[in-house]
Amino acid sequence: MNSSLRLLWLIPVLPLAGAAVNLLAGKRLGRSAGFFATVLVAVAFAISLIVVGGLLDLAAPDRLYIRQLFEWIHVGTFSVGATLRLDPLSATMILVVTGIGSLIHLYAIGYMRDDPRYGRFFAYLNLFVFFMLMLVLGQNLLVLYLGWEGVGLCSYLLIGFWFEKTENANAAKKAFVTTRIGDTAMLIGLALIVVKFGTLDYTVIFGSAGSTLTKGAATAIALLLFAGAIGKSAQVPLHVWLPDAMAGPTPVSALIHAATMVTAGVYLVLRMHVIFEISGVALVVVATVGVVTMLFAGICAFGQDDIKRVLAYSTISQLGYMFIAAGLRAYSIALFLLVAHAFYKALMFLGAGSVMHGMHDHTDMKQMGGLLKRMPVTGVTFVIGALALAGLFPLAGFFAKDEILEVANSTGHAWLFVLAMVGALISALYMGRLVFLTFFGRPRSEEAERAHESSPVMTIPLVVLAIGAATAGLLNLTLHGALSTFVEPVVGPVPEGSAGIAYAALVAISSSMVAVGVVTTWFLYGSGKIDWLALRVRMQPSQRVLENGFYIDNYYSALLVTPGKALAAFLAYVFDVRVIDAAVNGIGASVRALARSGRKLQTGLVRTYALAFLAGAIALLVFVGFRL
Amino acid sequence: MSTPIAYFLVLSGALFAIGSVGVLMRRNALLIFMFVELQLNAVNLALVAFSRMHASLNGQVLAFFSMVVAAAEVVVGLGIIVAVYRRTRSVNVDEVEALKG
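All figures in this text were calculated on a predicted structure; none of them were measured in a lab.

Enquirer: What's the story with the interface of chain B and chain A in this structure? I'm lost.
Expert: Each partner contributes to the interface: chain B provides 10 residues, whereas chain A provides 12 residues. Along the lines of polarity and charge, the residues of the side of chain B that touches chain A split into five nonpolar, two polar and three charged.

Here is the structure:
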């Protein structure tokens, strides 16, 4: 066995150690807490590179390294190990998590500089990286679930990091509860797997799924697991938590709510694709949820005024794109988009954070404008990220998006193809609007007038990520690119057909979609020929609908939260008092009543007792006598 | 022929009955105590009588035990009666009713 692979266990352990140290001694470390945490994640990234290098040395079919650290649970014949698995899929994921993660840590040193809970922030961030690594490195579903819930916890802690403000605390609670709905379904799915396979180990599940599972059982398991993915990856109908999660510090939005944690759902589908394929129906559901989410969130993104909320809806939309790819069995393309998206979305979130720093924490795009001149590094890198997302040639998003379109096209999924194309147009529209409102035109407020560039510790990650966003396309230039070939042993080849239009025509259409989107938004928001503020007032009602995400939150609170609260109130103030308490008190009262009548037997007269003795003795005699 | 067993048993039963009635009727603790002794000795008499009838020593041994226990019980019982008298200046059991429910 290659010796560099033996370092694998260090990758999750380093961030865990960092979290422990920062949690216990973060105050004493002071300013160096952030530096310490960043170095640990960067070292984890370096080790990841070494380990993945070791993996690449092996022949393609042998690229699998499994290492059991210790036995975690052992009950009867059921056993779960704390076991790590390195294969091309998890290798890609750990590079993304630690690579993007260390850049965001670096950025956070600058961004969180004046925060009173500096050490604790980095402790949470490190803890998140640890759980995310466990999630992707686990060799069984329970280790994955540990990571899954762990990142959920970190997400909760970090969204509510500035918990002094009630809305932040509420957003954290909302994220936790909403994802919990999906997680519960997922846990049931895990239980079903244990029932069917008697284990949660990937090797056993993948090896025997074909012979063990009927189509129905596979569908049930796949849909339950996918419900977990819907919650974690903020897909319709459980997407409502992600826009509110923007209440957290911006590095958190970049790391957790764009680049890594929300992609865990995509990873789960890729990892368990064997079961999804047996079912078949489940893949249709995945693609359907993906396409609905992509369109819905894209449209909502167009109506947001808060720069971070635009990005949040855009993340939801892009995750929908990934699920479309997964639903089409183009798993490696979904992974490719995941990696590319991690680059440009982390970049844009960090850019948004930099803008907020320059603008004294204002996030309303109506008050920005003209920031490109005042914040050149932030502006340029942000524009690169936005164009990469919109899918301009030759940036990363172009290849990822066009490959998904090509799969949909060539395998004859005409509707998916058309809708995905519409999605591409929408993403160009909302990105164009965001960029033109923020960085071009004239400044529309005092703060925008006096905005200044952020410090190098914040702009260096931006530049690195911008380079990544621009060049990540090289990973997979075609359907059989490097990344597709690399992960093929795990997820299989990309499906291809000969239906649909020619690839060149497809590229022409999708590129013209980008052009149309950019030109339209330039005309509306950038040219100065249209008074978009007046237009906005005229379109007020529809703009409101978009800004509030079609009032899904209101429906949920009317349909679920209000009845839920009413039920809770009924249980707490009526049922608990009248039934539970009444039962307990009733038992007490009846015992007391019995005692009140029973005590009359105690007359205090000794001769009565003596008479009772005698009567008892005679009764005994009579009894014994008759028995004889 | 020796005395028939029935004689002893009738005497024993009569003594026990007298003792029982005395325990139930009397109020003076000391007198109740004496009636209890009467009951005990009635039983002892029956034991010895049966022992003779069966030509076995078991009954007599049990009677001895009974006497020893009775002696110990007298010590305890008299002690209690003295203690009650000290407290209430009376040995009337009807007046001792602190545990009335």
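Here the narrative resumes.
Enquirer: How should I be thinking about helix α17 (residues 376-390) of chain A in this particular structure?
Expert: Counting along an α-helix, one turn takes 3.6 residues, and residues three or four places apart therefore face a common direction. Residue and element names in this part refer to chain A. Taking 1.5 Å of rise per residue, 15 residues should cover 21 Å, and α17 covers 21 Å from first to last C-alpha, within 8% of that figure. Every buried residue of α17 is accounted for by Thr-378, Gly-379, Thr-381, Phe-382, Ile-384, Gly-385, Ala-386, Leu-387, Ala-388, Leu-389 and Ala-390. Gly-391, located one to two residues past α17, shows a positive phi value of around 95 degrees.

Enquirer: What is the right way to look at helix α1 (residues 10-29) of chain A in this model?
Expert: Residues and elements named next belong to chain A. The first and last C-alpha atoms of α1 sit only 23 Å apart over 20 residues, clearly below the 28 Å expected at 1.5 Å per residue. The largest bend in α1 amounts to roughly 60 degrees and is located at Leu-23. Within α1, burial applies to Ile-11, Pro-12, Leu-14, Pro-15, Gly-18, Ala-19, Val-21, Asn-22 and Gly-26. In this fold, the buried residues of α1 make contact with α2 (32-57), α3 (88-111) and α4 (118-137).

Enquirer: Before we go on, may I ask you to explain the domain arrangement of chain A in this structure?
Expert: Accessible area lost during the coming together of the parts is what is often quoted as the interface size. Segmentation of chain A into domains returns domain 1 (341-547) and domain 2 (560-627). Just the C-alpha atoms count here: the centres of domain 1 of chain A and domain 2 of chain A sit 74 Å apart.

Enquirer: What am I meant to see in the nonpolar core here?
Expert: What tends to happen in soluble globular proteins is that the nonpolar side chains get buried as a cluster. In this structure, A:Ala325, A:Ala334, A:Ala346, A:Ile404 and A:Ala469 are the most contacted members of the largest nonpolar core, which totals 214 residues. In terms of residue count, helix α15 (residues 331-358) of chain A provides more of this core than any other element does, 19 residues in total. With near-sequence residues (within four places) excluded, A:Ala325 lies in contact with A:Ala330, A:Ile333, A:Ala334, A:Leu337, A:Ile404 and A:Val407. Counting residues in each nonpolar core, the second largest holds five residues, with B:Ala46, B:Leu47, B:Ala49 and B:Ala63 among its members.

Enquirer: What exactly am I supposed to notice about the confidence of the model for chain A here?
Expert: Interpretation of this model should avoid reading the predicted coordinates in detail wherever pLDDT is low. Of the residues in chain A, 100% have a pLDDT of 70 or more, and the chain-wide mean is 91. When mean pLDDT is taken per element in chain A, helix α11 (residues 264-271) of chain A scores highest with 95 and helix α24 (residues 532-538) of chain A scores lowest with 83.

Enquirer: Would you take a moment to explain the confidence of the model for chain B for this structure?
Expert: Confidence in the prediction of chain B, expressed as mean pLDDT, is 90, and 99% of residues score 70 or more. Per the prediction output, this complex has pTM 0.81; the corresponding ipTM is 0.84.

Enquirer: What's the story with the pairing of strand β2 (residues 78-86) of chain A in this structure? I'm lost.
Expert: Two faces, one strand: in a regular strand the side chains alternate between the faces of the sheet. All names here are of chain A. The pairing of strand β1 (residues 65-75) with β2 spans nine bridges and is classified as antiparallel. Within β2, the residue paired with Ile-66 across the bridge is Arg-85. Here β1 folds back onto β2, and the loop between the two strands holds two residues, one of which, Gly-76, carries a positive phi near 60 degrees.

About the criteria used
- Residues numbered from 1 in each chain as written.
- Chains lettered and ligands numbered in written order.
- Predicted model: local features only at pLDDT ≥ 70, side-chain atom pairs only at ≥ 80, totals over all residues.
- Contact = placed C-beta atoms within 7 Å.
- Nonpolar A, V, L, I, M, F, W, Y, C, P; charged D, E, K, R; others polar.
- Helix = DSSP H or I, 4+ residues; strand = E, 2+ residues; numbered from the N terminus.
- Expected span 1.5 Å × (residues − 1).
- Buried ≥ 20, exposed ≤ 12 C-beta atoms within 10 Å, placed from the backbone.
- Bend = angle between axes of the 7 residues up to and from the residue.
- Domains from an automatic or database assignment.
- Core = buried A, V, L, I, M, F, W, Y, C linked by C-beta atoms within 7 Å.
- pLDDT = per-residue confidence, 0-100.
- Pairing = 2+ DSSP bridges.

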